[in-house]
Amino acid sequence: MAKKAAARKTAATRKAPARKTAAAAGRRPSRSNAPALDKEQELYAYREMLLIRRFEEKAGQMYGMGLIGGFCHLYIGQEAVVTGVHMASKEGDASITGYRDHGHMLVAGIDPNGVMAELTGRASGLSKGKGGSMHMFSKEKNFYGGNGIVGAQVSLGTGLAFAYKYRGEDNVSLTYFGDGASNQGQVYESFNMAKLWDLPVVYIIENNKYAMGTSLERASAMTDLSQRGASFEIPGEKVDGMDVRYVHEAAQRAIAHARSGKGPYILEMLTYRYRGHSMSDPAKYRSRDEVQTMRSEHDPIEQVKQRILSEKHASEDELKSIEKEVRAVVTEAADFATNAPEPDVSELWTDVTILAGS
Amino acid sequence: MPTDILMPALSPTMEEGTLAKWLVSEGDNVAPGDVIAEIETDKATMEVEAVDEGTIGKILVAEGTEGVPVNSVMAVLLGEGESADTIAATPSPQPSPQKGEGAMAATVALPSTSPPEEEVGASASAPGEGAATPSSPQFSPASDPDLPTGVQMVEMTVRQALNEAMAEEMRADDDVFIMGEEVAEYQGAYKITQGLLDEFGARRVVDTPITEHGFAGIGVGAAFAGLKPIVEFMTFNFAMQAIDQIINSAAKQLYMSGGQVQAPIVFRGPNGAASRVGAQHSQDFTAWYAHVPGLTVIAPYSAADAKGLLKAAIRSPNPVVFLENEILYGHSFEVPKMDDFVLPIGKARMVRQGTDVTIVSFSIGMKYASEATEKLVAEGVDVELIDLRTIRPLDIETVLVSVKKTGRCVIVEEGWPQGSVGSDISARLMEQAFDYLDAPVTRIAGKDVPMPYAANLEKLALPNVDEVIAAVNAVTYRS
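Residues numbered from 1 in each chain as written. Chains lettered and ligands numbered in written order. Predicted model: local features only at pLDDT ≥ 70, side-chain atom pairs only at ≥ 80, totals over all residues.

**Quick notes on the overall build of chain B**
Phase 1: Along the backbone of chain B there are twelve helices and 22 strands.
Phase 2: For chain B, the C-alpha radius of gyration of 30 Å lies well beyond 23 Å, the compact-globule estimate for 479 residues.
Phase 3: With the C-alpha coordinates aligned to their principal axes, the bounding extent of chain B is approximately 95 × 60 × 50 Å.
Phase 4: Out of the 479 residues in chain B, the part that is buried amounts to 49%.
Phase 5: Within chain B, residue pairs in contact and separated by at least 24 positions form 73% of the contacts whose partners lie at least 6 positions apart. (Helix = DSSP H or I, 4+ residues; strand = E, 2+ residues; numbered from the N terminus. Rg over C-alpha atoms; globule rule 2.2 N^0.38 Å. Buried ≥ 20, exposed ≤ 12 C-beta atoms within 10 Å, placed from the backbone. Contact = placed C-beta atoms within 7 Å.)

Written out as structure tokens, the structure reads:
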């Protein structure tokens, strides 16, 4: 447990910096009309995205070594989405997603040791080793999973928003799902009720172009997912989900809308996963060129890095030291998750129901 | 220290593969994410990416090599200032940590599939149960509270009892709200929520569109956030649209989250056959939900039990499936007039004590069981009658004690026979009271057909009093 606590020493420095508008930041955007982030925000985004990238690479490696079992869906390539949205949120806002959930947990400030130890199925995992990659939660950080059933999180996330409105709290529910889930029936049932009752929920569709191996074009009669709420009068917009500046700016707008009582808002994040759907997917349904183009021309981390250097927010050496620090966090998480004990066999029977009086 | 690049597994079942191609050579610099090799299995081709920054120091497995074991060293990556000379000539393949543990685990006896209650009897131990089997928590339900002396009993329908239970709990706790189709302005399709909108307003009595899957999920999400929703299904037939949220989201949440996130929610509504509504509207789902760990399943018969158990269900931190019955809604029973009448979940009611035969039932099955008991007692058969009330956790202890006394058991329910509640009780009696049985345990269930519409056929499809009497006569060898 001491080791777990120690890992949180970086928490203070990882707090999302206060939001600033492009004008307030006073920076010349590097792309015409692109919203700007200030130095602190750029460095924060760089570090968070790098943490997710390195964590996921390590998870992939540990999966290959047989330390992680079952299904393992990596977030590599999509880092800007959760990072930008998180930067636009505030303390107490809830988030919920599907099974590609590691990045969402890390950005929420959940202990990487606990996440990695859950992946290896150990007692010190976030769910005591009983959940696994797809089923992790943190009541403390208002993170509600980690859901293995495609689309289920959309109704659940709408329910979180229902609770906020019911109690008169000014938090919002950040409900993430993929282009695949966007075709599930309960998504539209939820859209309808969310708008009917003007619930404070932001639906973030992470459109990474492929639902497992089926491209959006082959699965969806109407591919503009930002307009999937049109029948319910839910506003939506398409966002460059590879550029954290655009993600952040759109998320600010969407969250403000939901928080002000105007109801739900849809953000379609155009993003890309570099790896297969899960570890066992060789991703033969897309060309190597397509992947390479996204990696070399749109990489979310590389974009921030280049801006940081050209704006002289930090030197190469300073970025190297961030990289080193992130690597140390990931290495510690991997060591922790490799060496932590498996759950005690008595855990088989615990947490099934809460017994009366306990 | 140089880093070993290991042969990865593409899935937990992969043991070896072919190293098809190296995309780097010794001396090349690589960065994390760079594709360095391709491996093949019978199912897939996969790219191997570098995980660390460095220089390829030595390639130890040549491309084209087949049968490379998972986790064996394929190459060595050198960090800054490291030399290839430090690399051992032939590193031996490392065993997979997980496989090592798996082999150890295989020698451990499989844990018992028995739910906690089954450890009660001495004969409960199944063959092969070893010392390594972790012990399950014992469930011991509380007894019904003693009623205050001189408490007034009032005649009340099941409908009124359910309505009062919800109103009382909503008065006591602002976190309790009800949502469902026609629960508010229409005052309830079966009038169970009559008057609630007037008293509690539209914030707490929420009419939903006809979208069971969606509003069940919204209810579960609200429960995760700490509210105590009552989700009314107009009938449980429609809850099949929502069963994923009931089971995958609500029932499993506490376990999957290692105890962090609770789902204090009640799913309630009429279950089972009504009258002449045909196959899609006449199904008993008790056994379905009773199958699922994490759920509490309650199916009351009397108005007093309906009231006391619904109040307990609303207060429960667990997800509860509360199965009512449309035909019973209008039936009247005596209910104690008390400010706060709550009954324990998981405790069967001993309705009548007797020594000749045990009849076990629940919900509307109790109607047939009670009428049969009356007639049998008049004929001189000393029947012991048990109303389960809660199906999960099941009060098997009460049934066991009874059957060890009577040696005979008849179980009555409206659901289909295969995989029924009666099947499960029958199996448990065979396992835990085998030596006490004087006759085969007998199930009276609905017939194994979809519910017909025609009045005569519907009557035949449901259990009836004569069937119960015939079963009792058979097990007591009176026929």
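Still more to cover.
**Details of the overall build of chain A**
Phase 1: Helix and strand content of chain A: 13 helices and seven strands.
Phase 2: Relative to the compact-globule value of 21 Å for 358 residues, chain A shows a C-alpha radius of gyration of 20 Å, a close match.
Phase 3: Seen through its principal axes, chain A has C-alpha atoms that stretch 55 × 50 × 45 Å.
Phase 4: Within chain A, buried positions represent 57% of all 358 residues.

**A short note on the packing of helix 4 (residues 79-88) of chain A against helix 10 (residues 244-259) of chain A**
Residues and elements named next belong to chain A.
Phase 1: The contact between helix 4 and helix 10 brings their axes to 8 Å, and the two run at 45 degrees. With respect to helix 10, the axis of helix 4 lies oblique. With respect to the hand of their crossing, helix 4 and helix 10 are arranged in right-handed fashion. Counting all contacts with helix 4, which are made through Ala80, Val81, Thr83, Gly84, Val85, Met87 and Ala88, the residues of helix 10 involved are Val244, Val247, His248, Ala251, Gln252 and Ile255. (Axes fitted to C-alpha atoms, helices over the stretch in contact; angles between N-to-C directions. Parallel < 35°, antiparallel > 145°, perpendicular 65-115°, else oblique. Left-handed = near helix turned anticlockwise from the far one by under 90°.)

**Describing the sheet that holds strand 4 (residues 35-40) of chain B**
Residues and elements named next belong to chain B.
Phase 1: What the four strands build is an open sheet, ordered 5-4-2-7; its pairing is antiparallel. Here the strands that pair on one side only, and so sit at the sheet edges, are strand 5 (45-49) and strand 7 (65-69). For this sheet, the mean angle separating the axes of adjacent strands, direction not counted, is 40 degrees.
Phase 2: Of the pairings in the sheet, the one linking strand 2 (residues 16-22) to strand 7 comprises three bridges and is antiparallel in character. Each bridged residue has a counterpart across the sheet, and for Glu16 the counterpart in strand 7 is Pro69. (Pairing = 2+ DSSP bridges.)

**Here we look at the nonpolar core**
Here is a general trend for soluble globular proteins: nonpolar side chains tend to be buried in one another's company.
Phase 1: In terms of nonpolar packing, the biggest core is built from 231 residues, with A:Val202, A:Leu267, B:Val410 and B:Val468 touching the most fellow members.
Phase 2: The leading source of residues in this core is helix 3 (residues 39-64) of chain A, at eleven residues.
Phase 3: Sequence-distant contacts of B:Val468, that is, excluding residues within four places in its chain, are made with B:Ile359, B:Tyr368, B:Ala369, B:Ala372, B:Val410, B:Val412 and B:Ile444. (Core = buried A, V, L, I, M, F, W, Y, C linked by C-beta atoms within 7 Å.)

**A look at the pairing of strand 10 (residues 176-180) of chain B**
Residues and elements named next belong to chain B.
Phase 1: Judged by how many residues are buried, strand 10 sits mostly within the fold: five of five residues are covered.
Phase 2: Side chains Val176, Ile178 and Gly180 of strand 10 all project onto a buried face; the interleaved residues Phe177 and Met179 project onto the opposite face, where all are buried too.
Phase 3: Pairing of strand 10 with strand 12 (residues 228-232), which is carried by five bridges, proceeds in the parallel orientation. The residue of strand 12 that forms the bridge with Phe177 is Pro229.
Phase 4: Direction of pairing for strand 10 relative to strand 11 (residues 205-207): parallel, over a ladder of three bridges. Bridged to Gly180 within strand 11 is Asp207.

**Things to note about the interface of chain B and chain A**
Phase 1: With 58 residues of chain B at the interface, the matching set in chain A holds 48 residues.
Phase 2: At the level of elements, strand 5, helix 1 (97-106), helix 4 (212-224) and helix 5 (243-256) of chain B are the ones that each hand at least two residues to the side of chain B that touches chain A.
Phase 3: By residue number, the principal contributor to the side of chain B that touches chain A is helix 4 of chain B, which donates ten residues.
Phase 4: Here the residues of the side of chain B that touches chain A sort into 29 nonpolar, 26 polar and three charged. (Nonpolar A, V, L, I, M, F, W, Y, C, P; charged D, E, K, R; others polar.)

**Looking at the domain arrangement of chain B**
Residues and elements named next belong to chain B.
Phase 1: Segmentation of chain B into domains returns domain 1 (3-104), domain 2 (153-336) and domain 3 (351-475).
Phase 2: Domain 2 and domain 3 are separated by 26 Å when their C-alpha centres are compared.
Phase 3: Contact with domain 2, which involves 23 residues of that partner, is made by 22 residues of domain 3.
Phase 4: When grouped by side-chain class, the residues that make up the side of domain 2 that touches domain 3 number 14 nonpolar, six polar and three charged. (Domains from an automatic or database assignment.)

**Observations regarding the sheet that holds strand 19 (residues 383-387) of chain B**
Residues and elements named next belong to chain B.
Phase 1: Here we have five strands laid out as an open sheet, ordered 17-19-18-21-22, and mixed in their pairing. Two strands lie at the open edges of the sheet, namely strand 17 (349-352) and strand 22 (442-444), each paired on one side alone. Averaged over all pairs of adjacent strands, the angle between strand axes in this sheet comes to 25 degrees, irrespective of strand direction.
Phase 2: Bridge count between strand 18 (residues 357-361) and strand 21 (residues 409-412): four bridges; the pairing is parallel. Counted as the bridge partner of Thr358 is Cys409 from strand 21.
Phase 3: Strands in contact with helix 10 (residues 421-432) are strand 18, strand 21 and strand 22; relative to strand 21, the strand with the most contacts, it is inclined by about 160 degrees.

**Topic: the pairing of strand 8 (residues 73-78) of chain B**
All names here are of chain B.
Phase 1: Burial of strand 8 is extensive: six of the six residues sit out of reach of the surface.
Phase 2: In terms of strand pairing, strand 1 (residues 3-6) meets strand 8 through four bridges, oriented antiparallel. What sits directly across from Leu6, in strand 8, is Val73.
Phase 3: When strand 6 (residues 54-59) meets strand 8, the two strands line up antiparallel, connected through four bridges. Along strand 8, the bridge assignment pairs Lys58 with Val76.

**Structural notes on helix 8 (residues 185-196) of chain A**
Side chains three or four residues apart in an α-helix point the same way, a direct result of the helix having 3.6 residues per turn.
Residue and element names in this part refer to chain A.
Phase 1: Between its first and last C-alpha atoms helix 8 spans 17 Å; for twelve residues at 1.5 Å apiece the expected length is 16 Å, and the two agree.
Phase 2: Those residues of helix 8 that fall on the buried side of the exposure criterion are Gln186, Val187, Glu189, Ser190, Phe191, Asn192, Met193 and Ala194.
Phase 3: The first or second residue beyond helix 8 is Asp198, which carries a positive phi of 45 degrees. (Expected span 1.5 Å × (residues − 1).)

**Observations concerning the environment of A:Ile308**
Residue and element names in this part refer to chain A.
Phase 1: Secondary-structure assignment places Ile308 in helix 12 (residues 300-310).
Phase 2: On the basis of neighbour counts, which here come to 22 C-beta atoms within 10 Å, the residue Ile308 falls in the buried class.
Phase 3: In sequence terms Ile308 and Leu43 are 265 residues apart; their C-alpha atoms lie 7.5 Å from each other.
Phase 4: When neighbours within four sequence positions are excluded, Ile308 is seen to be in contact with Glu42, Leu43, Tyr46, His313, Ala314 and Leu319.

**Focus on helix 8 (residues 365-378) of chain B**
All names here are of chain B.
Phase 1: The terminal C-alpha atoms of helix 8 lie 20 Å apart, and with 14 residues this matches the ideal 20 Å at 1.5 Å per residue to within 8%.
Phase 2: Listing the buried residues of helix 8 in full gives Gly365, Met366, Lys367, Tyr368, Ala369, Ser370, Ala372, Thr373 and Leu376.
Phase 3: Next to the buried residues of helix 8 lie strand 17, strand 18, strand 19, strand 21 and helix 12 (465-475).
Phase 4: Backbone geometry just downstream of helix 8 places Gly380 in the positive-phi region, at approximately 95 degrees.

**Describing unusual backbone geometry**
Phase 1: The omega torsion across A:Gly145 and A:Gly146 is 25 degrees, close enough to zero to call that bond cis.
Phase 2: Looking along the chain, the bond that leaves B:Arg392 and enters B:Pro393 is cis, with omega of 0 degrees.
Phase 3: Relative to the helices and strands, B:Pro393 resides in the loop between strand 20 (390-392) and helix 9 (396-406).
Phase 4: In this model, B:Asn71 sits at a positive phi of 80 degrees, which is unusual for a non-glycine residue.
Phase 5: If you trace the backbone, B:Asn71 turns up in the loop between strand 7 and strand 8.
Phase 6: Of note, B:Gln187 is a non-glycine position whose phi angle comes to about 70 degrees, a positive value.
Phase 7: Examined against the element boundaries, B:Gln187 turns out to sit in the loop between strand 10 and helix 3 (196-204).

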